[in-house]
Amino acid sequence: MGTSKPPIKKAPAKKSSKSKPTSTKLKANANLSSSSLQETTHIRIPSNLPLCIIDNGGWEVKYGLFPTSIADGQVDTVQPSKMPNATARPPHQLTLLTGDEILRMKNLGQLSFQHPLERGMMVDGYTQWMVWSRVLNLLGVTVLPTNLAVANAKLGGGKRPSLPSKTITTSNNLTFMLLEPPFVPSVISEGIDRILFRELGVGRVVKLLGACMAAVRYLEEGRRFTKEETKKDEGDDIVINAAATVVSSADDMKQDHNSRETWIDDGTRCCCVVDSGYSFTHVVPTQSGAAVESAIRRLDIGGKMLTNLLKEAVTYRQWNMMDEYHIVNDAKEQLCFVSDRFDEEMKYARTTRRGLRWFDREFLLPDFVNTFKGSVQLPMPLQRMRELEEEKKQQLVREKKELDRSESRDGIPDNIPSCEEDFNQENESDESKEEKRKRRKSKRGDDVATEDDDQDDEDDSNDESDEETEQQRLQRLKQMRELERKRREAESRERQALALSVERFAIPEVLFRPSDIGLDCGGIADAIVESINACDATLRAAMYHNVLLVGGNAKIPGFKDRVEVELRRLAPVNYVVRVFLPDDPVAYAWEGAKQFSRQPGFQERFGIDRIGWEAMKKAGKDQKQIWGDRIHNNLNNS
């Protein structure tokens, strides 16, 4: 038997230097490169980026951009722009209109709207992303999502996407400052962060309460006005002497005192902000610009509810306006007001015929052919009544002038001939003329006498025609007025009109008496008192003395006076109630944010960059740990 040879063992092949790395090394290298990429990306984010301030309201978005190159003196000249916070789709079309594109449409009633906010909270992230993207594009910011920004960073400055000619910056080199309401749920807040950091690729985000920014603006204006008045008073003490002070009237002194009492800072650094907007009404007490969280109160009553109530009332009494939200909202903004004598006005409405009440108005609906916006006019009975009153006033003025003339005649001196003497002289002159005429008759004959008679008759007829011309003029004016009235009546019959009477002040009354529509809660004044009572006892007097009204509902006529009257009735007797309404309550919080952002180191103290946010999320921190300290604690130290 032959012996079998053992198998020959092959030597292990030598690894060539060109062999591919293992998967483990690939993963390690990828992790290393990604970590180094994050570090380098984090280092590249500067501390002073262009700032975009957005006040995200339920009805409108207020926005503006501040480049890094802008001078401090030019900051005050930047005013916020506004656009609807919604998307809309025309009927039977695939076109989607976003933000300012909606305003190009003349008939808004035919659009299907989609709002990203409901009751002040974001419920539609896609729609909100569309609106914010539109805002950034209008400001000249090119949106670069996170994945595109990372890809460009990996290329090491390779080819980037083409940018429009008006581009100022890109979104990954932008600080996004968002003003939001209090107590946003953590789920919604996290969704907002994901939209900003990942979908829009924003480099840094700052979140602050809009009410706190309004308080910052209020305190700064009071402090500035106090300094100006102090300098003015010092100069007045030097220039104005005691005699000039005595000459000044009491009314001027009262007006000056009221203006100073409205503006001067009392040094308490307290402000109770009442933000009544589209979806809600918040009462936010603040101290040094920071909110007292335990004292914040909320009412689920806003401009949207008022418009819906007016829409239902008009539909029940006149036309079906349930699908015409924007027309009814326009009528509300032009006609509604807050009455401080609600019960008396309702009694007056019961005893006065409709169309003759002083608050009755007609809102002419647009026909979208010649007119695209509604207008306001008086009802016909009220127009006639006011025309009669105007005629009576003119008649009284004429009678007064005639009486003044007669009195001036009675005061004529004796050496001047009286009216009777003038009349006698005129009669004598007429008699002399008659005698002369008879002499001419006898001399010239009957033909010449006939011609003179004709001439005298023509003179008399001319005098009579002058008197008739005045009467004809008055008659002509009456006819013209009657024709104008008939023309207006014909136009009003051709155009449909909404007759609004007690609805003008009964609808805004819901803000102060929600029980009228079945809501089991107090009104705005009750919420303010409850919020102030929840503050520390040492702050309550200062809160009553510094009540600030902001939001769209604050523009309703009579709103400020009614709040002041209600607070004075509910507040303690020894407290001074002072309510302030700015010129533009809608953009007041945005102005405060603009002013607050100019302090040094603002972006680092209050903002979080994209890499830092990702690291915190990986570490398992929740939204309160990420944003709570930056919004409240740091604000106290600013």
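Residues numbered from 1 in each chain as written. Predicted model: local features only at pLDDT ≥ 70, side-chain atom pairs only at ≥ 80, totals over all residues. Heavy atoms only, no water.

## Looking at the packing of helix 9 (residues 303–317) against helix 10 (residues 325–335)
- For the pair helix 9 and helix 10, the least separation of the axes is 9 Å and the interaxial angle reads 105°. The angle between the axes of helix 9 and helix 10 places the two elements in the roughly perpendicular class. Each of Gly-303, Lys-304, Leu-306, Thr-307, Asn-308, Leu-310 and Lys-311 in helix 9 lies in contact with helix 10, whose residues at this interface are Tyr-325, Val-328, Asn-329 and Lys-332. (Axes fitted to C-alpha atoms, helices over the stretch in contact; angles between N-to-C directions. Helix = DSSP H or I, 4+ residues; strand = E, 2+ residues; numbered from the N terminus. Parallel < 35°, antiparallel > 145°, perpendicular 65-115°, else oblique. Contact = heavy atoms within 4.5 Å.)

## Description of the side chain of Gln-623
- Turning to its location among the elements, Gln-623 is positioned in helix 22 (residues 623–637).
- Here the side chain of Gln-623 touches Ser-189 through a polar contact of 2.9 Å, side chain to side chain.
- Dropping the residues within four chain positions of it, Gln-623 is found in contact with Ser-186, Ser-189, Glu-190, Asp-193, Lys-207, Trp-613, Lys-617 and Gly-628. (Polar contact = N/O pair within 3.5 Å; in protein donor to acceptor, adjacent residues only side chain to side chain.)

## Quick look at the nonpolar core
- Grouped together as the largest cluster of nonpolar side chains are 47 residues, with contacts concentrated most on Leu-511, Ile-528, Leu-549, Phe-559, Val-563 and Leu-567.
- For this core, the leading source of residues is helix 16 (residues 524–533), giving five residues.
- With residues near it in sequence (within four places) discarded, Leu-567 still touches Ala-525, Ile-528, Val-529, Val-547, Val-577 and Val-579.
- Within the second largest apolar cluster, 34 residues are counted, among which are Phe-66, Ala-211, Ala-589 and Phe-606. (Core = buried A, V, L, I, M, F, W, Y, C linked by side-chain atoms within 4.5 Å. Buried < 20%, exposed > 50% of the residue type's maximum accessible area, 1.4 Å probe, protein only.)

## Some points on the environment of Val-78
- As for its placement among the helices and strands, Val-78 is situated in the loop between helix 2 (72–75) and strand 3 (81–84).
- The class of Val-78 is buried, set by a relative accessible area of 19%.
- Between the C-alpha atoms of Val-78 and Phe-66, which are 12 residues apart in sequence, the distance is 8.2 Å.
- Not counting chain neighbours up to four residues away, the residues in contact with Val-78 comprise Leu-65, Phe-66, Ile-70, Trp-590 and Lys-594.

## Quick word on helix 18 (residues 559–570)
- Under the 1.5 Å per step criterion, the end-to-end length of helix 18 is 17 Å for 12 residues, consistent within 8% with the ideal 16 Å.
- The set of residues buried in helix 18 consists of Phe-559, Arg-562, Val-563, Glu-566 and Leu-567. One side of helix 18 holds all its buried residues, which, seen down the axis, span an arc of 130°.
- Buried residues along helix 18 sit against helix 16, strand 20 (547–550) and strand 21 (579–580). (Expected span 1.5 Å × (residues − 1). Arc of directions from axis to C-beta.)

## With respect to the side chain of Thr-169
- Mapped onto the secondary structure, Thr-169 falls in strand 10 (residues 169–170).
- Within the structure, the side chain of Thr-169 is placed 3.5 Å from the backbone oxygen of Asn-173, a separation counted as a polar contact.
- When neighbours within four sequence positions are excluded, Thr-169 is seen to be in contact with Pro-50, Gly-140, Val-141, Thr-142 and Leu-174.

## Focus: the packing of aromatic side chains
- Inspection of the entire model under this criterion finds 19 aromatic pairs.
- Seen in terms of ring centroids, Tyr-544 and Tyr-575 are 5.6 Å apart; in terms of plane orientation they differ by 40°. Their pairing is tilted. Linking Tyr-544 in helix 17 (residues 540–545) with Tyr-575 in the loop between helix 18 and strand 21, this pair joins segments that are 31 residues apart in sequence.
- Taking the relative accessible area as the measure of exposure, Tyr-544 reaches 1% and is therefore buried.
- Every member of this aromatic cluster is reached through a ring pair, and the members are Phe-337, Phe-342, Tyr-348, Trp-358, Phe-359 and Phe-505.
- It is Lys-106 that lies over the ring of Phe-372; its NZ or CZ is 4.7 Å from the centre. (Phe/Tyr/Trp six-rings, centres within 6.5 Å; stacked < 30°, edge-to-face > 60°. Lys NZ or Arg CZ within 6 Å of the ring centre and 35° of its normal.)

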